[in-house]
Amino acid sequence: MATGRTHRPATRSRGIPEATVARLPLYLRALTALSERSVPTVSSEELAAAAGVNSAKLRKDFSYLGSYGTRGVGYDVEYLVYQISRELGLTQDWPVVIVGIGNLGAALANYGGFASRGFRVAALIDADPAMAGKPVAGMPVQHTDDLEKIITDNGVSIGVIATPAGAAQQVCDRLVAAGVTSILNFAPTVLTVPDGVDVRKVDLSIELQILAFHEQRKAGEEGAGDGTAVPAASQEHRKGPDGDVPAVMPA
């Protein structure tokens with residue numbers, strides 16, 4: 001099996017749009033569920049509904065993979081699972097390091113979905129000397145002093161940052177200098193990286209704030225519809241340098 005350091009997905013060389021790449025994991029998740037139920041084929045409409053997209057968009061996305069299905073039959077589920085997995089690089093071995101083994105880092109280390117999707121957690125790393133050697137998810141935590149050696153010894157090209165915000169950029173810089181070219185960032189901060197390094201940011205507080213916005217809007221619409229007042233929470237204000245500004249959830 002190839003390692004992540006020597007082989008990379010072919011999506012960019014084939015000119016697959018980034019929007020399509022972002023939807024491929026959705027299709028794969030839906031297809032994997034069908035495969036586990038031993039469903040042999042699926043129509044574009046059924047698969048699109050399961051993935052939460054429209055069928056025309058799905059067919060366009062699959063055309064980039066060279067997969068068009070069979071009229072009256074649909075798509076072969078197992079073949080599509082293989083095809084998408086190959087395009088995403090999931091038929092290869094991708095060693096991953098997780099830096100920052102607090103509550104979130106430990107939860108990520110214990111997540112069982114990495115291995116089944118082609119990602120092998122090669123090391124858990126933390127700056128706290130008291131954590132060194134402690135087992136988390138069956139693996140001993142290693143100290144950040146050894147970060148560069150760990151990256152090199154394991155051929156790691158993907159790093160996960162789950163540190164506090166203040167430490168994230170320094171960790172990022174060390175990962176990149178050691179050869180990591182893709183980073184999944186859970187720290188609540190924006191990372192600066194050189195060209196050629198990909199960063200995906202996961203910020204749960206931002207997602208919750210967006211949901212709160214929609215909930216507030218829905219509450220306001222319901223209040224306007226039945227003549228009742230908008231809930232007080234949506235009317236709160238605080239003093240800012242330029243006068244009253246709406247209260248917002250802290251980042």
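Relevant structure appears above.
Let us look at the structure shown here. All values reported here derive from a predicted model rather than from experimental measurement.

What follows is about the pattern of salt bridges. Tallied over the full model, the rule gives seven salt bridges. Across the pair Lys 149 and Asp 153 runs a salt bridge whose closest N-O atoms are separated by 2.6 Å. Of this pair, Lys 149 and Asp 153 both sit in helix α7 (residues 147-154), four residues apart, which is roughly one turn of the helix. Residue Lys 149 is classed as exposed on the basis of its relative accessible area of 55%. Note that Lys 201 is salt-bridged to Asp 203, the shortest N-O span being 3.6 Å.

As a further point, take the pairing of strand β6 (residues 139-143). Direction of pairing for strand β4 (residues 119-126) relative to β6: parallel, over a ladder of three bridges. Within β6, the residue paired with Leu 124 across the bridge is Val 141. With two bridges connecting them, strand β5 (residues 135-136) and β6 associate as antiparallel partners. Considered in β6, the bridge of Val 136 is made with Met 139. In this antiparallel pair of consecutive strands, β5 and β6, the connection spans two residues, and Ala 137 shows a positive phi of 55°.

Now for the sheet that holds β5. Pairing is mixed in the open sheet, where seven strands are placed in the order β5-β6-β4-β3-β7-β8-β9. This sheet does not close on itself; its edge strands, each paired only once, are β5 and β9 (198-201). Running at roughly 170° to strand β7 (residues 158-161), helix α8 (residues 165-178) makes contact with β3 (94-99), β7 and β8 (182-185) of the sheet.

For Ser 38, which is not glycine, the phi torsion reads 60° and is therefore positive. Relative to the helices and strands, Ser 38 resides in the loop between α1 (18-36) and β1 (41-42). Judged by its relative accessible area of 64%, Ser 38 falls in the exposed class. We note that Ala 137 has phi near 55°; this positive angle belongs to a residue other than glycine. Positionally, Ala 137 belongs in the loop between β5 and β6.

Looking at soluble globular proteins, one finds that nonpolar side chains tend to be buried together. Of all hydrophobic cores here, the largest spans 23 residues; its most connected members are Tyr 27, Leu 31, Val 42, Leu 47, Leu 58, Phe 62 and Ile 84. Listed by contribution, the elements that provide at least two residues to this core are α1, α2 (44-51), α3 (55-64) and α4 (77-88). Here this core takes seven residues from α1, the largest share from any one element. If you look at the next biggest cluster of nonpolar residues, it comprises 21 residues, including Val 99, Ala 123, Leu 147 and Val 197.

Direction of pairing for β7 relative to β8: parallel, over a ladder of four bridges. Bridge pairing in β8 links Ile 158 to Ser 182. Where the polypeptide runs from β7 across α8 and back to β8, its parallel neighbour, the crossover connection is right-handed. With four bridges connecting them, β8 and β9 associate as parallel partners. In the sheet register, Ile 183 faces β9, and the bridge partner there is Val 199.

About the thresholds
- Residues numbered from 1 in each chain as written.
- Predicted model: local features only at pLDDT ≥ 70, side-chain atom pairs only at ≥ 80, totals over all residues.
- Heavy atoms only, no water.
- Salt bridge = Lys/Arg side-chain N within 4 Å of Asp/Glu carboxyl O.
- Helix = DSSP H or I, 4+ residues; strand = E, 2+ residues; numbered from the N terminus.
- Buried < 20%, exposed > 50% of the residue type's maximum accessible area, 1.4 Å probe, protein only.
- Pairing = 2+ DSSP bridges.
- Contact = heavy atoms within 4.5 Å.
- Axes fitted to C-alpha atoms, helices over the stretch in contact; angles between N-to-C directions.
- Core = buried A, V, L, I, M, F, W, Y, C linked by side-chain atoms within 4.5 Å.
- Right-handed = clockwise from strand over helix to strand, strands pointing away.

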